[in-house]
Amino acid sequence: MQLDNRAQTLLKALVERYIADGQPVGSRALSKISGLDLSPATIRNIMADLEEMGYVASPHTSAGRVPTPRGYRLFVDTLLTVRQIDENAVEAGMRLPAHQPQKVIANAAQMLSSLSQFAGVVQSPRRESTFQQIEFLRLSEKRILLVIVDPRGDVQNRLLLTDVDYSPAQLTQSANYLNQNFAGLTFDQVRGRLTGELRQLRDDMGQLMQTAVEAGSEAMQEGDDMVIAGERNLLSVTDLSSNMSSLRQMFEMFEQKTGLMQLLDVSSKAGGVQIFIGGESKLVPMDEMSVVTAPYEVNGKIVGTLGVIGPTRMAYERVIPIVDITAKLLSNALSSS
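Residues numbered from 1 in each chain as written. Predicted model: local features only at pLDDT ≥ 70, side-chain atom pairs only at ≥ 80, totals over all residues. Heavy atoms only, no water.

A. Region of the structure containing helix α6 (residues 101-116). Between its terminal C-alpha atoms α6 stretches 23 Å, which fits the 22 Å expected from 16 residues at 1.5 Å a residue. Val104, Ile105, Ala108, Ala109, Met111, Leu112, Ser113 and Ser116 are the residues of α6 that are buried. Buried residues along α6 sit in contact with α5 (87-92), β3 (119-123), β7 (226-229), β9 (289-298), β10 (301-311) and α13 (316-335). Trailing α6 by a residue or two, Gln117 shows a phi angle of about 70°, which is positive. (Helix = DSSP H or I, 4+ residues; strand = E, 2+ residues; numbered from the N terminus. Expected span 1.5 Å × (residues − 1). Buried < 20%, exposed > 50% of the residue type's maximum accessible area, 1.4 Å probe, protein only. Contact = heavy atoms within 4.5 Å.)

Here it is in structure tokens:
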């Protein structure tokens, strides 16, 4: 059902007041802050309609109402007025030597936390999934060092334990085969093409190549990590730390990181700022939590996501531009490095 202008104005006023003081909002307060010339009875009727549609709820202990996840969603999608923030102040805090990308990333997470007063998170740039060159070095009997060089010249090493004692000549032959036929491809692409070609190779050589492809794929995936700053800020947010169950959920999320990484991966596939509201998005582990994210780029290619983790009762009009500007500044800083 489409909300009329009066209902939208009252919902906007209710959400803004609830975000500001955390107390259920009654009809009398709404009549004062909404700017509408409506009788208390009319306001009560409109609020009853909003509650029936699932935008607000009435706590058992109060006659006032609070926004639901659906109410927050309508608010941030259609009713929110985003504030302007000082982009120069954000940029000043991120000026670091261009040859230290990890420090720039850590500083961006800290900046998100400091400006929002919640937790800031930055997903580290995904490692280049293609390889430029592979080498095998025989360390001892049945122990081989796999050396992977990506197109940027970054090197990854992995120890391979094999069932066969390969000779240096066999290792050189296998590396040459992979480099000549598959350099510039991802390990997933190599895995698919090798399946049909290994029948023409000796079994032991084919097994070595398969082992190398699996190890190489794992090495590249391990580059996906994240930097989190300001987790302790959330301890002072009553909505998130009001009971032991909530605290446990929150710190499990920070410790395991798997769910948070999945959320950031989803966000990277969409353009611009995304808002995930707990109780609505299954990617957010707590009903009382929201995550505001934005992807960032290196030389025009999306390589990661950053964001702010806080309560659903956050000042979205401030947090959204903080996340948006930080993503742009991080993109510029890493692209010039």
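More follows now that the structure is in view.
B. Molecular detail of a nonpolar patch on the surface. Taken together, Leu137, Leu139, Leu159 and Leu161 make up a surface patch of nonpolar side chains, about 380 Å² in accessible area. Listing elements by their share of the nonpolar patch, those giving two or more residues are β4 (133-140) and β6 (155-161). Tracing the backbone shows Leu137 in strand β4. With a relative accessible area of 39%, Leu137 lands in the partly exposed category. (Patch = residues over 30% accessible without salt bridge, like charges linked within 9 Å, V, L, I, M, F, W, Y side chains within 5 Å. Areas by Shrake-Rupley, 256 points an atom, 1.4 Å probe, with all protein chains shown as cover. Salt bridge = Lys/Arg side-chain N within 4 Å of Asp/Glu carboxyl O.)

C. Representation of the pairing of β6 within the structure. Two strands pair when backbone bridges link them, and strand β5 (residues 143-149) and β6 are joined in this way by seven bridges, in the antiparallel orientation. From the neighbouring strand, Leu146 faces β6, where its bridge partner is Arg158. As consecutive antiparallel partners, β5 and β6 are separated by five residues, and within that stretch Gly153 has a phi angle of approximately 95°, a positive value. (Pairing = 2+ DSSP bridges.)

D. Structural context of the sheet that holds β7. If you walk across this open sheet you meet the five strands as β7-β3-β10-β9-β8, and the pairing is antiparallel. Bordering the open sheet on either side are β7 and β8 (274-277), each of which pairs with just one other strand. When strand polarity is set aside, the average angle formed by the axes of neighbouring strands in this sheet is 20°. Bridging between β3 and β7 involves four bridges; their strand directions are antiparallel. In the sheet register, Gly120 faces β7, and the bridge partner there is Ala229. Along the sheet, α6 makes contact with β3, β7, β9 and β10, crossing β3 at roughly 155°. (Axes fitted to C-alpha atoms, helices over the stretch in contact; angles between N-to-C directions.)

E. Structural context of the sheet that holds β5. Ordered by their spatial adjacency, three strands build an open sheet running β4-β5-β6, and the pairing between neighbours is antiparallel. Of all strands in the sheet, those with a lone pairing partner are β4 and β6, marking the two edges. The mean angle between the axes of side-by-side strands here comes to 20°, regardless of whether they run parallel or antiparallel. Taken together, the seven bridges between β4 and β5 define a ladder with antiparallel strand orientation. Within β5, the position partnered with Glu135 by the bridge is Val147. Running over the sheet, helix α7 (residues 168-182) touches β4 and β5 and is turned about 165° from β4.

F. View of unusual backbone geometry. You will see that Lys142, though not glycine, has its phi angle at about 65°, which is positive. One can find Lys142 in the loop between β4 and β5.

G. The arrangement of the side chain of Ser267 in detail. Tracing the sequence through the fold places Ser267 in helix α12 (residues 258-268). In terms of polar contacts, Ser267 uses its side chain to reach the side chain of Thr293, at 2.5 Å. Excluding anything up to four places from it in sequence, Ser267 contacts Gln274, Phe276, Thr293, Ala294, Pro295 and Thr305. (Polar contact = N/O pair within 3.5 Å; in protein donor to acceptor, adjacent residues only side chain to side chain.)

H. View of the pattern of salt bridges. In the structure shown here, the tally under the stated rule is nine salt bridges. Taking the shortest distance from any N to any O, the salt bridge between Arg73 and Glu280 comes out at 3.0 Å. Residue Arg73 is found in helix α4 (residues 69-79), and its partner Glu280 is found in the loop between β8 and β9; the two are separated by 207 residues along the sequence. Its relative accessible area of 17% is what places Arg73 among the buried residues. For Glu280, a relative accessible area of 35% puts it in the partly exposed group. For the salt bridge of Glu317 with Arg83, the shortest nitrogen-to-oxygen distance reads 3.4 Å. In this pair, Glu317 is assigned in helix α13 and Arg83 in the loop between α4 and α5, connecting sequence segments 234 residues apart. Note on Glu317: relative accessible area 14%, which makes it buried. For Arg83, a relative accessible area of 45% puts it in the partly exposed group.

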